[in-house]
Number of protein chains: 2
Amino acid sequence: MLARAGDEGGGIHVVRTTVQDVARAAGVSVSTVSRALTGGIVSPATREAVLEVATRLGYQPNRAARGLITGRTGNLGLIVPDLRNPFFADVAKGVTARARAVDHGVFITDTDEDPVAELEALATLGRNTDGVLLCSPRASDADLLAAADPETTVLLHRRVPGLPSVVADIAGGIRQAVRHLRALGHRRIAYVCGPEDSWAAQQRLAALSTAGDLELLPLGGLAPTFDGGLLAGDLVLDSPVTAVLAYNDLVALGVLHRLAARGAVVPERMSVVGFDDVSLAAMSHPPLTSVAVPKDRAGAVGLDLLLGRTGATAEREMVLPTGLVVRASSGVARP
Amino acid sequence: MLARAGDEGGGIHVVRTTVQDVARAAGVSVSTVSRALTGGIVSPATREAVLEVATRLGYQPNRAARGLITGRTGNLGLIVPDLRNPFFADVAKGVTARARAVDHGVFITDTDEDPVAELEALATLGRNTDGVLLCSPRASDADLLAAADPETTVLLHRRVPGLPSVVADIAGGIRQAVRHLRALGHRRIAYVCGPEDSWAAQQRLAALSTAGDLELLPLGGLAPTFDGGLLAGDLVLDSPVTAVLAYNDLVALGVLHRLAARGAVVPERMSVVGFDDVSLAAMSHPPLTSVAVPKDRAGAVGLDLLLGRTGATAEREMVLPTGLVVRASSGVARP
DNA sequence: GTGAAAGCGCTAACAC
DNA sequence: GTGTTAGCGCTTTCAC
């Protein structure tokens, strides 16, 4: 596959097989090689011969060179705030899986929650890929609109008018969670709010506000993390609620943890419901009831949208259904 | 940043700024633009002028074209079995963070635990990047040696003679865990084995075998997952051990879960120690004692190795230290 | 210090 | 059906 040749510098120099090499070895022209490899019009015999030589030489096309002429690099970009967050890990998984299926490469940029890095990455990737999938919970609509080309960008888990997007039906999810809790007899519930500047957090709060016939205690100013959940745990125990709905599963896990530490049995003393249904939700004790968000599917759908593989219509805003996964952390209210 | 021009097809066509455009606008030649942008010899005045025009036009270099001539793409590849596994998510985080710092792009391929996909990805990425970081717990040494170019590949968390690698001091970690348990009075412990074909699993078992003065009960044939841990939980309760060391934290979490469900209090009835110290370890109930493996650092170090940024010596095998993080899941043995 | 020109590896007209 | 040639966007000799 690789040949090494001596180098004046005394080092080792790796020489890679090119179309030229294949053409020479197969006794045809470079264009014939190109055609044989990319599915152009070639005689079956020639194609087979070229293919044979190509594999024998371990030829791997240089995608950069190909992209230079075709205008398509065969690469995509994915920008996420934090790969360590299981939510985004799931999204990334969905994207890479689909990309592999359609033979595309994926550049992943982890911006470490920094909106500036997000915009930078968008500029760089926008130039060097066929399109980019962007998870940007924090950046402003204006910044996004200014930095993103609607032709080659798809927003994931966020909607901004003017930009294609794939989002989950958050309101529907909230509605199911609330209905579930009401059916269990809960009338007063706490809601651990997400970051005020987060689009998803705003969606949840809005959906919750319209869920009437329920006394809602919003708990704000907490980090959307396990630690934030620990704090929230004490707050809910200090309030007259019988259930708590968390901004996401990480927070819910923190609540669960604090409740256990304080000896408050879940769900007897307090019901806990999470959001996102990351894989951890099934691993907690007790297992966490959570609103299931199609994270990986959103990634895959976004990719299809980007590549125009999606249905004929110019559907630029996809809403994916959510569901409620009932586990052991929610139960009947005991006043 | 982007200009749109009408297209005969009636569609919209995105035109990107090139060196040509910048040169024209700045009233200089393309080579001067190139020099100004890449730090060549240009008069300060010219450089400033070019830079100004470039930013005004939103010029972003086409890395593919640049790579075609320089031979360096500025891109790296990372191959992992599963991004959803927090262990690899951490590795990926370390790689992307370091890559961003040195201004490189990262292609991430999730092979879905498929060794064949791993080798394919290696071939493709090897051709289209400056080097690849490979997490391949399962592939055989021979396959790896055949497919990987030692000049442009670094193995992460695995050692194969002949290939550069970055590994954690697994034996040291095992030793610390064992010493900890012994100090707490444990004399009979169970070990939940990892997959037999996994390099890391073999390392752990080997290190454990030499940890004398301890009765070891190996539990094999279990998946290295939460579910595998659930099964292991019942097995340990059915055996005369007072502590269990798990292949990794996911397994340990499963054990913890099953123990709790069966009413076995941790650590009073049974001590549990995990491996890897993924972020979940701190979120379990009780928080999990675990061997800390520098996952993200391994990624960063591997990247430096690849780019030759590491110390002068031709050190091709790095061993990173491990540590033991003692949390509440381990305590004194009660016979 | 700057410009003209060659060419990286590849595909897409265009001839034959 | 196949070969020849131009050129994608960029860097890098080589003259000046």
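Residues numbered from 1 in each chain as written. Chains lettered and ligands numbered in written order. Predicted model: local features only at pLDDT ≥ 70, side-chain atom pairs only at ≥ 80, totals over all residues. Heavy atoms only, no water.

### Description of the protein's contact with DNA strand D
Surveying the vicinity of DNA strand D reveals 25 residues, the closest of which are A:S31, A:T32, A:T46, B:V19 and B:R66. Restricting the count to atoms of DNA strand D within 4 Å of the protein gives a sugar and phosphate share of 64%. Within the backbone of A:S43, one N or O atom sits 2.8 Å away from a phosphate oxygen of DNA strand D. Measuring from a phosphate oxygen of DNA strand D, one finds a side-chain N or O atom of A:T46 at 2.6 Å. Among the elements of the structure, α2 (30-38) and α4 (63-70) of chain A together with α2 (30-38) and α4 (63-70) of chain B are those that each provide at least two residues to the surface near DNA strand D. Counting residues per element, the surface near DNA strand D draws most heavily on α4(B), at five residues. Partitioning the surface near DNA strand D into residue classes produces 11 nonpolar, 11 polar and three charged. (Near = heavy atom within 4 Å. Polar contact = N/O pair within 3.5 Å; in protein donor to acceptor, adjacent residues only side chain to side chain. Helix = DSSP H or I, 4+ residues; strand = E, 2+ residues; numbered from the N terminus. Nonpolar A, V, L, I, M, F, W, Y, C, P; charged D, E, K, R; others polar.)

### Section: the domain arrangement of chain A
Residue and element names in this part refer to chain A. Domain boundaries assigned for chain A yield domain 1 (2-70), domain 2 (75-168 + 296-320) and domain 3 (170-293). Taken over C-alpha atoms, the centre of domain 2 sits 28 Å from the centre of domain 3. Counting residues at the interface gives nine residues for domain 2 and 10 residues for domain 3. Between domain 2 and domain 3 lies a buried interface of about 980 Å² when both sides are counted; carbon and sulfur atoms form 62% of it. In terms of surface lost to domain 3, no three residues of domain 2 exceed P86, R138 and A168, which account for 46% of the buried area on that side. (Domains from an automatic or database assignment. Contact = heavy atoms within 4.5 Å. Buried area = accessible area lost by both parts, 1.4 Å probe.)

### Considering the pattern of salt bridges
Inspection of the entire model under this criterion finds 34 salt bridges over all chains. We note a salt bridge from A:D296 to B:R84, for which the minimum N-O separation is 3.0 Å. Pair noted here: A:D296 is in helix α12 (residues 295-307) and B:R84 is in the loop between β3 (75-80) and α5 (86-101), and the two residues belong to different chains. Judged by its relative accessible area of 31%, A:D296 falls in the partly exposed class. Through salt bridges with shared partners, a single ionic network connects A:D82, A:D110, A:D112 and B:K93. (Salt bridge = Lys/Arg side-chain N within 4 Å of Asp/Glu carboxyl O. Buried < 20%, exposed > 50% of the residue type's maximum accessible area, 1.4 Å probe, protein only.)

### Side note on the interface of chain B and chain A
On the chain A side, the residues contacting the 54 residues of chain B number 54 residues. Summing both sides of the interface, chain B and chain A together bury roughly 4,900 Å²; the carbon and sulfur share of this comes to 56%. When the buried area of chain B at its contact with chain A is split by residue, B:R84, B:K93 and B:R127 rank highest and sum to 16% of it. On inspection of chain B and its partner chain A, the count reaches 10 salt bridges. In this structure, A:K93 engages B:D82 in a salt bridge whose closest nitrogen and oxygen atoms are separated by 2.7 Å. The tally of links from chain B across to chain A stands at 24 residue pairs in polar contact (both at pLDDT 80 or more). Tallied by class, the residues present in the side of chain B that touches chain A amount to 25 nonpolar, 15 polar and 14 charged.

### Some points on the protein's contact with DNA strand C
The immediate surroundings of DNA strand C are formed by 26 residues, with A:V19, A:Y59, A:R66, B:T32 and B:T46 found nearest. Here, DNA strand C places atoms within 4 Å of the protein, and 68% of those atoms are sugar or phosphate. Put simply, the parts of the chain that give the surface near DNA strand C at least two residues each are α2 and α4 of chain A together with α2 and α4 of chain B. With five residues, the single largest contributor to the surface near DNA strand C is α4(A). Along the lines of polarity and charge, the residues of the surface near DNA strand C split into 11 nonpolar, 11 polar and four charged.

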